[in-house]
Amino acid sequence: MEKIEILITNDDGIDSNGLHTLADILRPFGNITLVAPAYPQSGMSAAVSLGQELFYKEIHREEGFVAGKLTGTPASCIKFGLTQFFPDKYPDLIVSGINHGSNASASVIYSGTLGAAAEGALHGIVSVGVSIENHSQDVDLGAIRKILPSLIGHVLEYPPKPGIYLNINFPDIPFENIKGCIMASQGTGIWIKEFIPLSPEECTAKAPEEGMEAYKMLGNYEDSAENPPTADHRLMAKGYVTIVPHSVDYTDYDEMKRLSELWNL
């Protein structure tokens, strides 16, 4: 198999176990260029570090592998990787992850992991985000090691259309309990009671101004009764690895036509 050029990043930061496991999984496919946030950037979606002074440091280099960290968002890491390492020819593949925590259902809206994949798809590059349903850095990634290579093989042989990126989510269960891999749709739901008040003793940071109250954003996920059987988070709960194709074009064309007719524009 011909070696390809692969750019990888994540939103958990350069020290994440999932990131380096991903690099190990992808090494047999080609040359790896790794540009990851210098510190965790979860929940940044496709935000870019516009107007900020960014700092980059290379931390490892060997034949077929270079890795560095950037003080920017995941999408900024992709932009930096493309301009600094691929100025003349884009990489063949971008993979973001392995994220510690599910990016199924409404999480896709907030995910820095998927924001990076969207940035790649915006450039017309085959792009994938990979996540597991467990936030622990010590989570067992054995099932991903066994399954992801075949999925990457499918991605390379039958890539998504330009402007489409893939969101792959693994349930946190042993390999032998996984029922299979399945194409899914994005589930829907919302987080409720998201802001938890903190006492001064519970705060790890100093308030920027005297008299400000402290909160932590956590919340509980509330599922929607309108979810179809194809909803990714529901299929994950049944033991499936889900693959959802997302588009960088957010337009709802049916609604565009309907409102245009109703508004008589």
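Source: prediction; values computed, not measured.

Points about the packing of helix 1 (residues 17–26) against helix 4 (residues 142–157)
Here is step 1: Closest axis-to-axis distance for the helix 1/helix 4 pair is 10 Å, and the angle between their directions is 55°. Accordingly, the angle class assigned to the pair helix 1 and helix 4 is oblique. The handedness of the crossing between helix 1 and helix 4 comes out as right-handed. Contacts between helix 1 and helix 4 involve Thr21, Leu22, Asp24, Ile25 and Leu26 from the former and Ile144, Arg145, Leu148, Pro149 and Ile152 from the latter.
Here is step 2: For the contact of helix 1 with helix 4, a count of residues per class yields 7 nonpolar, 1 polar and 2 charged.

Points about the UniProt feature "domain: Survival protein SurE-like phosphatase/nucleotidase" (unreviewed entry) in the protein chain
Here is step 1: Mapped onto this structure's residue numbering, the UniProt feature "domain: Survival protein SurE-like phosphatase/nucleotidase" (unreviewed entry) falls at residues 6–191.
Here is step 2: Taken end to end, residues 6–191 is 26% helix and 28% strand, and its first and last C-alpha atoms sit 35 Å apart.

Quick look at the UniProt feature "binding site: a divalent metal cation" (unreviewed entry) in the protein chain
Here is step 1: Cross-referencing UniProt, the feature "binding site: a divalent metal cation" (unreviewed entry) maps to Asp11, Asp12, Ser42 and Asn99 in the present numbering. These annotated residues cover 89 residues of sequence, and their C-alpha atoms lie no more than 9.1 Å from one another, placing them together at a single site.
Here is step 2: The class for aspartate 11 is buried, based on a relative accessible area of 3%.
Here is step 3: By the element assignment, asparagine 99 lies in strand 5 (residues 93–100).
Here is step 4: For asparagine 99, the contacting residues outside a window of four places in its chain are Asp11, Asp12, Thr113, Val130, Ser131 and Ile132.
Here is step 5: Within polar-contact distance, the side chain of asparagine 99 engages the backbone oxygen of glycine 101 at 2.7 Å.

Comments concerning unusual backbone geometry
Here is step 1: In this model, glycine 97 is joined to isoleucine 98 through a cis peptide bond whose omega is -15°.
Here is step 2: Positioned with a positive phi, lysine 193 is a non-glycine residue whose angle comes to about 50°.
Here is step 3: Inspection of the secondary structure puts lysine 193 in the loop between strand 9 (189–192) and strand 10 (195–198).
Here is step 4: At asparagine 264, a residue that is not glycine, the phi angle is positive and equals roughly 55°.
Here is step 5: Mapped onto the secondary structure, asparagine 264 falls in the segment after helix 6 (253–262).
Here is step 6: Since its relative accessible area comes to 68%, asparagine 264 is described here as exposed.

So, the packing of helix 2 (residues 74–85) against helix 3 (residues 112–122)
Here is step 1: Here helix 2 crosses helix 3 at 35°, and the two axes come no closer than 7 Å. Between helix 2 and helix 3 the crossing geometry is right-handed. Along the contact surface, helix 2 presents Pro74, Ala75, Ile78 and Lys79, while helix 3 presents Gly112, Gly115, Ala116, Glu119 and Gly120.
Here is step 2: Residue composition of the contact of helix 2 with helix 3, grouped by class: 4 nonpolar, 3 polar and 2 charged.

Focus on the nonpolar core
Here is step 1: Counting residues in each nonpolar core, the largest one holds 37 residues, and the members touching the most others are Ile8, Leu26, Leu34, Leu93, Leu148 and Phe170.
Here is step 2: With 7 residues, the single largest contributor to this core is helix 4.
Here is step 3: If we skip the residues at most four places from it in the chain, leucine 93 touches Ile4, Glu5, Ile6, Leu7, Ile125, Val126, Val128, Ile152, Val155 and Leu156.

With respect to helix 3
Here is step 1: Summarising burial for helix 3: 10 of the 11 residues are buried, a large majority.
Here is step 2: Burial in helix 3 covers these residues: Gly112, Thr113, Leu114, Gly115, Ala116, Ala117, Ala118, Glu119, Gly120 and Ala121.
Here is step 3: The secondary structure elements touched by the buried residues of helix 3 are strand 1 (4–9), helix 2, strand 5, strand 6 (127–132) and strand 7 (164–170).
Here is step 4: Of the residues flanking the start of helix 3, the one acting as N-cap is serine 111, its side-chain oxygen 3.1 Å from the backbone nitrogen of threonine 113.
Here is step 5: Just downstream of helix 3, glycine 124 is the residue with a positive phi angle, here 80°.

Overview of the sheet that holds strand 7
Here is step 1: Ordered by their spatial adjacency, 9 strands build an open sheet running 3-4-2-1-5-6-7-13-8, and the pairing between neighbours is mixed. Looking at strand neighbours, the two that pair on one side only are strand 3 (56–62) and strand 8 (180–183), the edges of this open sheet. When the angles between neighbouring strand axes are averaged without regard to direction, this sheet yields 20°.
Here is step 2: Judged from the 5 bridges that link them, strand 5 and strand 6 form a sheet pairing that is parallel. Following the sheet pairing, isoleucine 94 is matched in strand 6 by serine 127.
Here is step 3: Most of the contacts of helix 1 go to strand 5, to which it runs at about 140°, and overall it touches strand 1, strand 2 (30–37), strand 4 (65–70) and strand 5.
Here is step 4: Across the sheet, helix 2 is in contact with strand 1, strand 2, strand 3, strand 4 and strand 5; its angle to strand 2 comes to roughly 135°.

Conventions used here
- Residues numbered from 1 in each chain as written.
- Predicted model: local features only at pLDDT ≥ 70, side-chain atom pairs only at ≥ 80, totals over all residues.
- Heavy atoms only, no water.
- Axes fitted to C-alpha atoms, helices over the stretch in contact; angles between N-to-C directions.
- Helix = DSSP H or I, 4+ residues; strand = E, 2+ residues; numbered from the N terminus.
- Parallel < 35°, antiparallel > 145°, perpendicular 65-115°, else oblique.
- Left-handed = near helix turned anticlockwise from the far one by under 90°.
- Contact = heavy atoms within 4.5 Å.
- Nonpolar A, V, L, I, M, F, W, Y, C, P; charged D, E, K, R; others polar.
- UniProt positions renumbered as here; feature names shortened; annotations may be inferred.
- Buried < 20%, exposed > 50% of the residue type's maximum accessible area, 1.4 Å probe, protein only.
- Polar contact = N/O pair within 3.5 Å; in protein donor to acceptor, adjacent residues only side chain to side chain.
- Core = buried A, V, L, I, M, F, W, Y, C linked by side-chain atoms within 4.5 Å.
- Pairing = 2+ DSSP bridges.

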